[in-house]
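So the chains spell out like this:
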Amino acid sequence: MRTKPLAATSTALPWLERYAPESSKPEVIEIGSVPFTIGRSEECDYQIASSRVSRTHAEISKSAGGYALRDLGSTNGTFVNGQKIEQVRLNEGDLVVIADVELTYRISGGQAGHKTATQVMGQVEAAAGEADEGEENSSLDLIQAVRGLQEAILCRSVQNRFQLLVDLATGQPAGYETLHSDPATSRLPRNAERVLETTECRLTERIHQLHRLVAVEQSARLAEGSLLFLPLTAAEVGADSLADSLIRLSRLAHGKQLVAQVPESAVVDIPYFRDFLTRLRQAKIGVAYDGFGGGQQQVGAQQELAPDYLKLAQALARGVDKSSPRQKQIREIVEAAAKTKTQVIATGVHTENEAQMCSELGCRLAQGDHYGRPQTIGWPLDAAV
């Protein structure tokens, strides 16, 4: 890598900002001589150490009155503001996505004539009646969704709820699972979340990372229980940076035992996932598989990928005290999990009878409305946290 990140944010040249969720300040990368190359190779001006990045992935060069970004035939593509590009002129605040890395393009003092999301939105609104209504609504949804998430990340305006996990043997709190409670996302216009999911915009990954950071900070106020379950999304599990992010969080965990909660649908026997589990275990981070609704054979097939915790699908606990087939299914899952010392967690427990039956069947922990609905912690965070 021929350039070095700058500590200061003041420069007469254009620059790129790369945010890490654990840091309040961005890494600043000055764009000096052009063409400015980005890629996995050490020969690039800015190196991104990721298997999803091509050796020479993209480059920034001078264009009429500014700078342009060009994809150099990369395997996984280059995206600007959620759209795959071959070459595009860069504007102030553009979000450049390469693999799972986000870079924001900046120009000293901004640039006259460059459009912000607000300006583009105004133009789209003014064009009502001229453009196709469905296309216009889709554009508005995307612009508003991206702007809402960017503002939430910049201002750290996310909040979490915490759901209690109870030790069925003692009835005492064992820990908490953090759940998203995001006012910015809940106010997005119709179809906005669907639109975001269909783009290559990594803002959704960053908002999940920020949720986890805030949850770990807030966990200092959770006096009861030692476990803190942090849910992951299936899309995140494939990101090269995920393990590093969780390991950094574990160092800020205020004595809590972090547990990475992986959707059962994302569990797959491939080298990447095995390495992911190994790295978490070396860092003493627990692993839970969430939403398990299979049987004894499926548990046995996952022995080499066995988690520390297996969270049952909520449907299995619903009315289990009156269902012999579900009792049999849970008992067989518990017996199979015991061979790898995996603890089984009952979820969606609504009554004392359901809790008692899950305990008799061998479940170690439980969560659900029977123990109280998810709650938020006082907001904003105190400066001491």
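None of these values were measured; they are calculated from a predicted model.

About the cut-offs
- Residues numbered from 1 in each chain as written.
- Predicted model: local features only at pLDDT ≥ 70, side-chain atom pairs only at ≥ 80, totals over all residues.
- Heavy atoms only, no water.
- Helix = DSSP H or I, 4+ residues; strand = E, 2+ residues; numbered from the N terminus.
- Contact = heavy atoms within 4.5 Å.
- Areas by Shrake-Rupley, 256 points an atom, 1.4 Å probe, with all protein chains shown as cover.
- Pairing = 2+ DSSP bridges.
- Axes fitted to C-alpha atoms, helices over the stretch in contact; angles between N-to-C directions.
- Core = buried A, V, L, I, M, F, W, Y, C linked by side-chain atoms within 4.5 Å.
- Buried < 20%, exposed > 50% of the residue type's maximum accessible area, 1.4 Å probe, protein only.
- Expected span 1.5 Å × (residues − 1).
- Salt bridge = Lys/Arg side-chain N within 4 Å of Asp/Glu carboxyl O.
- Polar contact = N/O pair within 3.5 Å; in protein donor to acceptor, adjacent residues only side chain to side chain.
- Parallel < 35°, antiparallel > 145°, perpendicular 65-115°, else oblique.
- Left-handed = near helix turned anticlockwise from the far one by under 90°.
- Phe/Tyr/Trp six-rings, centres within 6.5 Å; stacked < 30°, edge-to-face > 60°.

1. Regarding the overall build of the protein
Here is step 1 of the chain: The number of helices and strands found in the protein is 11 helices and 20 strands.
Here is step 2 of the chain: Across the protein, contacts joining residues at least 24 apart in sequence account for 59% of those joining residues at least 6 apart.
Here is step 3 of the chain: Of the roughly 18400 Å² of accessible surface on the protein, 47% is carried by carbon and sulfur atoms.

2. Considering the sheet that holds strand β2 (residues 27-30)
Here is step 1 of the chain: With respect to topology, 6 strands assemble into an open sheet ordered β2-β1-β11-β10-β7-β8, the strand pairing being antiparallel. Strand pairing shows two members of the sheet lacking a second neighbour, β2 and β8 (83-85), which therefore form its edges. Taking each pair of neighbouring strands and ignoring which way they run, the sheet shows an average axis angle of 30 degrees.
Here is step 2 of the chain: Bridge analysis of strand β7 (residues 78-80) against strand β10 (residues 95-98) gives 3 bridges, and the strand direction is antiparallel.

3. Looking at the nonpolar core
Here is step 1 of the chain: Counting 58 residues, the largest nonpolar core has L246, V262, F273, F276, Y289 and C363 as its most contacted members.
Here is step 2 of the chain: The dominant element in this core, judged by the number of residues it contributes, is helix α5 (residues 203-218), at 6 residues.
Here is step 3 of the chain: Not counting chain neighbours up to four residues away, the residues in contact with F276 comprise L232, L242, A243, L246 and V262.

4. Observations concerning the sheet that holds strand β4 (residues 46-47)
Here is step 1 of the chain: Read from one edge of the open sheet, 5 strands run β4-β3-β5-β6-β9, paired in mixed fashion. This sheet does not close on itself; its edge strands, each paired only once, are β4 and β9 (87-89).
Here is step 2 of the chain: In terms of strand pairing, strand β3 (residues 36-39) meets strand β5 (residues 58-63) through 3 bridges, oriented antiparallel. Bridge pairing in β5 places I38 opposite A58.

5. Concerning helix α10 (residues 324-338)
Here is step 1 of the chain: The first and last C-alpha atoms of α10 sit 21 Å apart over 15 residues, in line with the 21 Å expected at 1.5 Å per residue.
Here is step 2 of the chain: For α10, the full list of buried residues reads Q327, I330, I333, V334, A336 and A337.

6. Here's the deal with the pattern of salt bridges
Here is step 1 of the chain: In total, this model carries 11 salt bridges according to the counting rule given.
Here is step 2 of the chain: Here E177 makes a salt bridge to K311, at a shortest N to O gap of 2.7 Å. Here the residue E177 occupies a position in strand β13 (residues 173-181), and K311 occupies one in strand β17 (residues 309-312), the gap between them amounting to 134 residues.
Here is step 3 of the chain: Given the relative accessible area of 7%, E177 is considered buried.
Here is step 4 of the chain: The partner of R279 in a salt bridge is D244, with the nearest N and O atoms 2.4 Å apart.

7. Structural notes on the side chain of N160
Here is step 1 of the chain: Topologically, N160 is positioned in strand β12 (residues 159-167).
Here is step 2 of the chain: For N160, a relative accessible area of 0% gives the class buried.
Here is step 3 of the chain: Side-chain polar atoms of N160 contact the side chain of H211, separated by 2.9 Å.

8. Focus: the pairing of β12
Here is step 1 of the chain: Of all 9 residues in β12, 8 are buried; the element is thus mostly enclosed.
Here is step 2 of the chain: One ladder, built from 2 bridges, connects β12 with strand β20 (residues 375-376); its direction is antiparallel. By the bridge assignment for β20, R161 is matched with T376.
Here is step 3 of the chain: In terms of strand pairing, β12 meets strand β19 (residues 365-366) through 2 bridges, oriented antiparallel. For V166, the partnering residue across the bridge sits in β19 and is A366.

9. Comments concerning the environment of P263
Here is step 1 of the chain: With respect to the helices and strands, P263 occurs in strand β15 (residues 257-263).
Here is step 2 of the chain: In this structure P263 comes out as buried when scored by relative accessible area, which is 18%.
Here is step 3 of the chain: In this structure, the C-alpha to C-alpha distance between P263 and Y289, residues 26 residues apart in sequence, is 5.8 Å.
Here is step 4 of the chain: The contacts of P263, once residues within four sequence positions are left out, are L232, T233, A234 and D290.

10. Examining the packing of helix α6 (residues 242-250) against helix α7 (residues 271-282)
Here is step 1 of the chain: Interaxial distance between α6 and α7 falls to 10 Å at its minimum, and their mutual angle equals 10 degrees. By the angle between their directions, the pair α6 and α7 is classed as roughly parallel. When the axes of α6 and α7 are compared, the crossing they make is right-handed. Of the residues in α7, those in contact with L242, A243, D244, L246 and I247 of α6 are F276, R279 and L280.

11. A short note on the environment of R52
Here is step 1 of the chain: With respect to the secondary-structure elements, R52 resides in the loop between β4 and β5.
Here is step 2 of the chain: Exposure remark for R52: the relative accessible area of 23% places this residue in the partly exposed category.

12. Examining the pairing of β5
Here is step 1 of the chain: Examined bridge by bridge, β5 and strand β6 (residues 66-71) share 6 bridges and lie antiparallel to one another. Bridge pairing in β6 places E59 opposite R70.

13. Considering unusual backbone geometry
Here is step 1 of the chain: Omega for the peptide link from V34 to P35 comes to 5 degrees, which places this bond in the cis form.
Here is step 2 of the chain: With phi around 55 degrees, H254 is a residue other than glycine that occupies positive phi space.
Here is step 3 of the chain: Tracing the sequence through the fold places H254 in the loop between α6 and β15.

14. Structural notes on the packing of aromatic side chains
Here is step 1 of the chain: Scanning all chains against the criterion turns up 4 aromatic pairs.
Here is step 2 of the chain: Grouped by ring-pair contacts, the aromatic residues Y272, F273, F276 and Y289 constitute a single cluster.

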